[in-house]
Amino acid sequence: VTMLLAANANLEAEDKSGRTALYRAVSEGKDDAVTALLARKADPNHRASDGSTPLLTAVTYGRMTALKALFAAGGNIETPDANGANPLMHAAEGTASMPNNVPFVQALLEKGAKVDVEDKQGRSALFRASAEGKTEALNLLLDAKADPNQRNSSGATPLLMAVTYGKTDVVKTLLKRGGAVDTAD
């Protein structure tokens, strides 16, 4: 990457999916390349064809070093993908590449991520954490004043999703922290 940058490679050249070198370096965990690209002012907010950004990719693939570098370079923590899901929503839900999602949720909340933003289906980060049984992330979101009774576009609440998917610990937490038991979808 350093040799290509020295040869004045186009930092914003895209592959057929609209991904730049920075996006690819983040997804592949190439922290030295991420640092070099950001030092040359690669766009930390470039959107690929699916609406994702390097910052969203850092969350999705569990790349904390890249996430911090993107924060420092001005990466937008609220930019959603094509489905309206922002980095906090992805972090709250967790992924196979990020089984321990708590540090990512915490980092995004510390940067001021908005907790009650909804995706195109009306699901917030709390809704996603509830459905996936991510109790620690759920507690962080509730501590940040996420609404435990926010409804998605179908009328379901985080509590209903936790019950539906058998997430007992989440059900207990939501009941203790203000989840309403008498709401129907």
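Our structure's up above, just so we're on the same page.
The paragraphs below set out a description of the structure included in this document. On a predicted model such as this, the values are computed, not experimentally measured, just so you know.

### What to know about the overall build of the chain
A tally of helices and strands in the chain yields 11 helices and zero strands. Each helix (α) and strand (β) of the chain, taken in turn from the N terminus, gives the series α-α-α-α-α-α-α-α-α-α-α. Relative to the globule expectation of 16 Å for 185 residues, the C-alpha radius of gyration of the chain, 18 Å, shows essentially globular dimensions. Seen through its principal axes, the chain has C-alpha atoms that stretch 65 × 25 × 25 Å. Counting over 185 residues, the chain shows a buried share of 46%. Accessible surface, the chain: about 9,100 Å² in total, of which carbon and sulfur atoms supply 49%. If the 21 positive side-chain charges of the chain are averaged to one point and the 22 negative ones to another, these points end up 2 Å apart.

### Topic: unusual backbone geometry
Positive phi outside glycine occurs at Lys41, with the angle close to 75 degrees. With respect to the element layout, Lys41 can be found in the loop between α3 (31-39) and α4 (54-60). Using a relative accessible area of 71% as the deciding quantity, one classes Lys41 as exposed. Backbone geometry at Lys145 places phi at a positive 75 degrees, although glycine is not the residue there. Its location among the elements puts Lys145 in the loop between α9 (135-143) and α10 (158-164).

### What to know about the environment of Leu175
By the secondary structure assignment, Leu175 is in helix α11 (residues 168-176). What Leu175 contacts, discounting residues up to four positions off in sequence, is Leu159 and Val181.

### Looking at helix α5 (residues 64-72)
Residues of α5 that are buried include every one of Ala66, Leu67, Leu70 and Phe71, and no others. For α5, the angular spread of buried residues about the axis comes to 140 degrees, placing them on one side. Every exposed residue of α5 that faces more than 90 degrees away from the buried side is listed here: Lys68 and Ala72. If you follow the buried residues of α5, they end up packed against α2 (21-27), α3, α4 and α7 (102-110). Count one or two residues on from α5 and you reach Gly74, which has phi positive near 95 degrees.

### Overview of the environment of Pro44
Tracing the backbone shows Pro44 in the loop between α3 and α4. Spatially, the C-alpha atoms of Pro44 and Thr20 are 9.9 Å apart, while their sequence positions differ by 24 residues.

### Quick notes on the packing of α9 against α11
Running from amino to carboxyl end, α9 crosses α11 at an angle of 20 degrees, the nearest separation of the two axes being 10 Å. The angle between α9 and α11 places the two elements in the roughly parallel class. In terms of crossing hand, the pair formed by α9 and α11 is right-handed. Here Thr135, Leu138, Asn139 and Leu142 of α9 come into contact with α11, specifically with Asp169, Val170, Thr173 and Leu174.

### Examining the packing of α3 against α5
In contact at an axis separation of 10 Å, α3 and α5 are set at 10 degrees when each is read in the N-to-C sense. Classified by the interaxial angle, the pair formed by α3 and α5 is roughly parallel. Contacts from Asp31, Val34 and Leu38 in α3 reach Thr65, Ala66, Ala69 and Leu70 in α5. The residue inventory of the contact of α3 with α5, partitioned by class, reads five nonpolar, one polar and one charged.

### Let's talk about the nonpolar core
Leu22, Leu67, Leu88, Val105, Leu108 and Leu141 are the most contacted members of the largest nonpolar core, which totals 45 residues. The residues touching Leu141, leaving out its near neighbours within four places in the chain, are Leu88, Ala92, Val105, Leu109, Val115, Ala125, Leu126, Ala129 and Ala146.

### Topic: the pattern of salt bridges
Under the defined criterion, the tally for this structure stands at seven salt bridges. Residue Asp119 pairs with Arg128 through a salt bridge whose shortest N-O separation is 2.8 Å. Taken individually, Asp119 and Arg128 each receive the classification buried, so the pair is uniform in this respect. Across the pair Arg177 and Asp143 runs a salt bridge whose closest N-O atoms are separated by 2.7 Å.

Conventions and cut-offs
Residues numbered from 1 in each chain as written. Predicted model: local features only at pLDDT ≥ 70, side-chain atom pairs only at ≥ 80, totals over all residues. Heavy atoms only, no water. Helix = DSSP H or I, 4+ residues; strand = E, 2+ residues; numbered from the N terminus. Rg over C-alpha atoms; globule rule 2.2 N^0.38 Å. Buried < 20%, exposed > 50% of the residue type's maximum accessible area, 1.4 Å probe, protein only. Areas by Shrake-Rupley, 256 points an atom, 1.4 Å probe, with all protein chains shown as cover. Lys, Arg positive; Asp, Glu negative; His and termini not counted. Charge placed at Lys NZ, Arg CZ, Asp CG, Glu CD. Contact = heavy atoms within 4.5 Å. Arc of directions from axis to C-beta. Axes fitted to C-alpha atoms, helices over the stretch in contact; angles between N-to-C directions. Parallel < 35°, antiparallel > 145°, perpendicular 65-115°, else oblique. Left-handed = near helix turned anticlockwise from the far one by under 90°. Nonpolar A, V, L, I, M, F, W, Y, C, P; charged D, E, K, R; others polar. Core = buried A, V, L, I, M, F, W, Y, C linked by side-chain atoms within 4.5 Å. Salt bridge = Lys/Arg side-chain N within 4 Å of Asp/Glu carboxyl O.

These figures capture arrangement, not role.
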